[in-house]
Amino acid sequence: MKKWPVIGVVLAVLWLFVRGVALDPTRIIGEFLIGLAFGMLIAFMFRRFYTLDMNLTRTVQALPYAGLYVVVFIKDLILANIDVAYRVLLPSMPIEPGVVVVPLRVQTDGAITTIANSITLTPGTITMDYDEETNALYVHSIDATDTDGIVDPIRTWEDYALVIFDEEGKPGDPVPELPMAHATGEPAEGGVKRGN
């Protein structure tokens with residue numbers, strides 16, 4: 001099955017959300033058709049950027065994991081907002097910034113980008129860099145004293161991303177070992193550089 005028509009339909013559905021259409025069937029159908037016209041045109045014009053074909057069965061199997069990813073991400077986003085708000089309102093809470101190296105199991109560009117963007121969208125953390133050679137992200141955190149608190153949500157997102165992006169690895173697979181961190185001599189994951 002060709003991939004660009006499916007992307008065109010997805011863009012049409014997104015158009016409904018962007019427009020904020022009232023729950024009137026006539027308006028919904030009208031806006032959907034407008035979105036479909038533009039969505040198909042855009043998807044067709046950019047079709048060379050997508051793989052030509054898609055496996056519909058595979059896509060349907062990945063949808064529940066995509067839904068879980070969104071739900072878990074929103075939960076982590078809310079908790080991170082609350083945490084950062086507490087740190088701002090209560091100066092006694094620690095702010096010890098640092099950088100944590102997080103080796104990844106995902107390999108594809110789409111999965112790596114999704115996880116890196118999820119980290120950056122979460123208040124209190126930002127993806128600083130990606131090391132292609134070691135397949136690791138460098139994550140800056142507002143409080144790097146609890147490396148497990150930083151890495152655990154990323155591992156959960158990664159479990160879902162392994163399925164969504166049809167990676168070779170499977171959820172629960174062990175994290176790859178990284179060489180010793182250059183500056184500290186500590187293992188890379190959990191190795192924290194303070195004061196950044």
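Just so it is clear, the structure is predicted and the values come from calculations on it, not from any experiment.

About the cut-offs
- Residues numbered from 1 in each chain as written.
- Predicted model: local features only at pLDDT ≥ 70, side-chain atom pairs only at ≥ 80, totals over all residues.
- Heavy atoms only, no water.
- Core = buried A, V, L, I, M, F, W, Y, C linked by side-chain atoms within 4.5 Å.
- Buried < 20%, exposed > 50% of the residue type's maximum accessible area, 1.4 Å probe, protein only.
- Helix = DSSP H or I, 4+ residues; strand = E, 2+ residues; numbered from the N terminus.
- Contact = heavy atoms within 4.5 Å.
- Phe/Tyr/Trp six-rings, centres within 6.5 Å; stacked < 30°, edge-to-face > 60°.

**A word on the nonpolar core**
Across soluble globular proteins, you tend to see nonpolar side chains buried next to one another.
And then number 1: Formed by 22 residues in total, the largest nonpolar core has its most connected members in V106, I115, L137 and I154.
And then number 2: Among the secondary structure elements, those contributing two or more residues to this core are α3 (56-89), β1 (98-103), α4 (109-121), β3 (136-141) and α5 (147-164).
And then number 3: The dominant element in this core, judged by the number of residues it contributes, is α5, at seven residues.
And then number 4: Sequence-distant contacts of I154, that is, excluding residues within four places in its chain, are made with V102, I115, I119 and V139.

**Quick notes on the packing of aromatic side chains**
And then number 1: Counted under the stated rule, the structure contains three aromatic pairs.
And then number 2: Between Y65 and Y160, the ring centres sit 6.5 Å apart and the planes meet at 50°, which makes this aromatic pair tilted. Of this pair, Y65 sits in helix α3 while Y160 sits in helix α5; the two residues are 95 residues apart in sequence, bridging distant segments of the chain.
And then number 3: Overall, the relative accessible area of 33% leaves Y65 in the partly exposed class.
And then number 4: Classification of Y160 by relative accessible area gives buried; the value is 17%.

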